[in-house]
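Residues per chain are reported as follows:
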Amino acid sequence: MEVSHSLKERTIAENSLVILLQGLRGRVTTVELRDESAAAGRVTSVDAFMNVRLAEVTFTDRQGAVSQLDELFVTGRNIRYVHIPDEVDIRATIEEQLQAIHRVRYFGGRDKGRREFPHAKHK
Amino acid sequence: MSFLKRFPPPSDGVRHQQPDTEALLAGRSLGSGTLYIAESRLSWLENSRVGFSLDYPTISLHAVSRDLSAYPREHLYVMVNAKFEEETKETPMTEGEEDDSDDDVEPIAEFRFVPSDKSALEAMFSAMCECQALHPDPEDEDSDNDYEGDEYDVEARELEQGDIPSFYTYEEGLSHLTAEGQATLERLEGMLAQSVSTQYNMAGVRTEDSIREFEADAMEVDIAPVVAGQFEDAEVDH
């Protein structure tokens, strides 16, 4: 489980559904862009600004032409949809990502942190 | 190409520089030159010192293409949300007939950078990813990055007792820190960074280089050892 090493990005992720996309790391999915092109590939990473990096991509441009790209980086601004694979348990993915963030946040006093901040509000 | 200008090569924050790189716009070659992937902008200068720059906010995507059936040479593909003057044979009328929505769609320009050294494509791609991440979209209105988090405030109030630390959101917490506190925060973050990364041997000091390299590799750093034990605990809580 990989978490951003920027405090700002962790906070943004924790407060937005981009955290779900971050949980898709390693999975193959399709990203539809604003200009109606689409990229299907394996998610390498998603940052707090929803910039998505994909590998082994099949790219379909807005005219419908298909090509393969080794790696693709698309800015969050230009993404229209990210498909969530059917087999992904959305709730569990979000919770795992949040736990990963909390582990980083409370690395000094982990146990103390967990008792103090019950996960009730994430349920 | 009238958008080509003469300017000195960037000297600051150049993450990657690739000489002997041909630049093409919409399939037309602009010549061979050097691509400069700098933190402030992407620049390409032809060997005779004229070239152009692209600002990261205008770049929608970039990619490494090795599919020779799609394009005969391995290259770095960059799609830009802007129009560049180009001498093309396509007339507006032709485009209108083929695709009526063209007028409503944002203009795009497709650049290809073909380095003579194909093995450099990975480094070029990664450098661009890093630089793009430095330019988050300032017009992003959809996402609520205000950190208002009422729920956090409630928790902070409930849990404010003695010396148990409250739970601050980013801005709140930062505003509570003195200059010294902020320096400590940065140092501790740096130490955390090292505790999960064995590649960097900076004794407790978080330099600009190590931050950059570290964040660049953030996706490769695996904090699995910390993770392993935690999952079981987490399930108990739920």
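Chain B is annotated in an unreviewed UniProt entry as Methylosome subunit pICln of Taeniopygia guttata. For the record of chain B, the UniProt heading Sequence similarities (unreviewed entry) holds the text "Belongs to the pICln (TC 1.A.47) family."

You'll find chain A entered in an unreviewed UniProt entry as LSM10, U7 small nuclear RNA associated, with Taeniopygia guttata given as the organism.

S.K.: Describe the overall build of chain B, listing the residues and the values that go with them.
M.R.: Looking only at helices and strands, chain B has seven helices and eight strands in total. Long-range pairs, those at least 24 residues apart, make up 57% of the contacts in chain B with a sequence separation of at least 6. A total accessible area of about 13700 Å² is found for chain B, and carbon and sulfur atoms account for 48% of it.

S.K.: Which residues make up the side chain of B:Asp67, and what values do they have?
M.R.: Relative to the helices and strands, B:Asp67 is located in the loop between strand 6 (59-65) and strand 7 (75-80). Of the side chains with opposite charge, B:Arg112 lies nearest to the buried B:Asp67, which makes no salt bridge, at 9.6 Å. A polar atom in the side chain of B:Asp67 sits 2.6 Å from the side chain of B:Ser69. Among all residues touching B:Asp67, those that are not within four sequence positions of it are A:Ser67 and A:Gln68.

S.K.: Run through the packing of aromatic side chains, naming residues and quoting values.
M.R.: All names here are of chain B. If you walk through the whole model with that rule in mind, you get seven aromatic pairs over all chains. Here the aromatic rings of Phe3 and Phe52 are separated by 5.6 Å at their centres, their planes lie at 70°, and the arrangement is edge-to-face. In this pair, Phe3 is assigned in the segment before strand 1 (5-6) and Phe52 in strand 5 (residues 50-54), connecting sequence segments 49 residues apart. Phe52 carries the same exposure label as Phe3, and that label is buried. Ring centres 4.9 Å apart and planes at 25° place the aromatic pair Phe52 and Phe111 in the stacked group. Separated by 59 residues along the polypeptide, Phe52 in strand 5 and Phe111 in strand 8 (residues 109-115) bring together distant segments of the chain. Taken together, the aromatic side chains of Phe3, Trp44, Phe52, Phe84, Phe111 and Phe113 make up a single cluster linked through ring pairs.

S.K.: Mind laying out unusual backbone geometry, listing which residues take part and the relevant values?
M.R.: You will see that B:Asp20, though not glycine, has its phi angle at about 55°, which is positive. Looking at where B:Asp20 falls in the secondary structure, it is placed in strand 2 (residues 14-25).

S.K.: Summarise the nonpolar core; cite the residues concerned and give the values.
M.R.: In terms of nonpolar packing, the biggest core is built from 32 residues, with A:Leu54, A:Phe59, A:Leu72 and B:Leu61 touching the most fellow members. Looking at this core element by element, the count peaks at five residues for helix 3 (residues 90-105) of chain A. Sequence-distant contacts of A:Leu72, that is, excluding residues within four places in its chain, are made with A:Ala39, A:Val52, A:Arg53, A:Leu54, A:Val57, B:Leu61, B:His62, B:Ala63 and B:Phe125. Within the second largest apolar cluster, 30 residues are counted, among which are B:Phe3, B:Leu35, B:Ala82 and B:Cys131.

S.K.: Talk me through the pairing of strand 3 (residues 52-60) of chain A; I want residue IDs and the actual numbers.
M.R.: Residue and element names in this part refer to chain A. Bridging between strand 2 (residues 38-46) and strand 3 involves seven bridges; their strand directions are antiparallel. If you follow Val46 over to strand 3, its bridge partner there is Val52. Between strand 2 and strand 3, which pair antiparallel and follow one another directly, the connecting turn spans five residues, one of which, Met50, has a positive phi of 65°. Pairing between strand 3 and strand 4 (residues 66-74): eight bridges, direction antiparallel. Bridging from a neighbouring strand, Phe59 pairs with Ser67 of strand 4.

S.K.: Give a detailed account of the side chain of A:Thr75, specifying residues and quantitative values.
M.R.: Here A:Thr75 is to be found in the loop between strand 4 and strand 5 (79-82). Exposure remark for A:Thr75: the relative accessible area of 9% places this residue in the buried category. Here the side chain of A:Thr75 touches B:Ser60 through a polar contact of 2.9 Å, landing on its backbone oxygen. In this structure A:Thr75 touches A:Met50, A:Asn51, B:Ile59, B:Ser60 and B:Gln132, once residues within four positions along its chain are discounted.

S.K.: Explain the pattern of salt bridges to me, and be specific about the residues and the numbers.
M.R.: Here the structure, examined in full by the defined rule, presents 14 salt bridges over all chains. In this structure, A:Arg91 and A:Glu95 form a salt bridge, with 3.6 Å as the shortest nitrogen-oxygen distance. Here A:Arg91 pairs with A:Glu95, and both are found in helix 3, just four residues apart, close to one helical turn. Measuring nitrogen to oxygen at the nearest pair gives 2.8 Å for the salt bridge that ties B:Glu22 to B:Arg73. A residue pair is termed long-range when its members are at least 10 positions apart, and B:Glu22 in strand 2 and B:Arg73 in the loop between strand 6 and strand 7 qualify at 51 residues. Judged by its relative accessible area of 17%, B:Glu22 is buried. One salt-bridge network, in which partners are shared between bridges, spans A:Asp70, B:Arg66, B:Glu74 and B:Glu122.

S.K.: Describe the packing of helix 1 (residues 7-14) of chain A against helix 3 of chain A, and please don't skip the residues or the numbers.
M.R.: All names here are of chain A. Taken N-terminus to C-terminus, the directions of helix 1 and helix 3 make an angle of 145°; their axes are 11 Å apart at the nearest point. Helix-helix and strand crossings are classified by hand; for helix 1 and helix 3 the assignment is left-handed. Packed against helix 1, whose contacting residues are Arg10, Thr11, Ala13 and Glu14, the element helix 3 presents Leu98, Ile101, His102, Val104 and Arg105 at the interface.

S.K.: Could you give me a rundown of helix 3 of chain A, with the residues and numbers involved?
M.R.: All names here are of chain A. Between its terminal C-alpha atoms helix 3 stretches 23 Å, which fits the 22 Å expected from 16 residues at 1.5 Å a residue. Of the positions making up helix 3, those classed as buried are Thr93, Ile94, Glu95, Gln97, Leu98, Gln99, Ala100, Ile101, His102, Arg103 and Val104. The backbone nitrogen of Arg91 lies 3.3 Å from a side-chain oxygen of the residue at the head of helix 3, namely Asp89.

What counts, and where the lines are drawn
Residues numbered from 1 in each chain as written. Chains lettered and ligands numbered in written order. Predicted model: local features only at pLDDT ≥ 70, side-chain atom pairs only at ≥ 80, totals over all residues. Heavy atoms only, no water. UniProt positions renumbered as here; feature names shortened; annotations may be inferred. Helix = DSSP H or I, 4+ residues; strand = E, 2+ residues; numbered from the N terminus. Contact = heavy atoms within 4.5 Å. Areas by Shrake-Rupley, 256 points an atom, 1.4 Å probe, with all protein chains shown as cover. Buried < 20%, exposed > 50% of the residue type's maximum accessible area, 1.4 Å probe, protein only. Lys, Arg positive; Asp, Glu negative; His and termini not counted. Salt bridge = Lys/Arg side-chain N within 4 Å of Asp/Glu carboxyl O. Polar contact = N/O pair within 3.5 Å; in protein donor to acceptor, adjacent residues only side chain to side chain. Phe/Tyr/Trp six-rings, centres within 6.5 Å; stacked < 30°, edge-to-face > 60°. Core = buried A, V, L, I, M, F, W, Y, C linked by side-chain atoms within 4.5 Å. Pairing = 2+ DSSP bridges. Axes fitted to C-alpha atoms, helices over the stretch in contact; angles between N-to-C directions. Left-handed = near helix turned anticlockwise from the far one by under 90°. Expected span 1.5 Å × (residues − 1).

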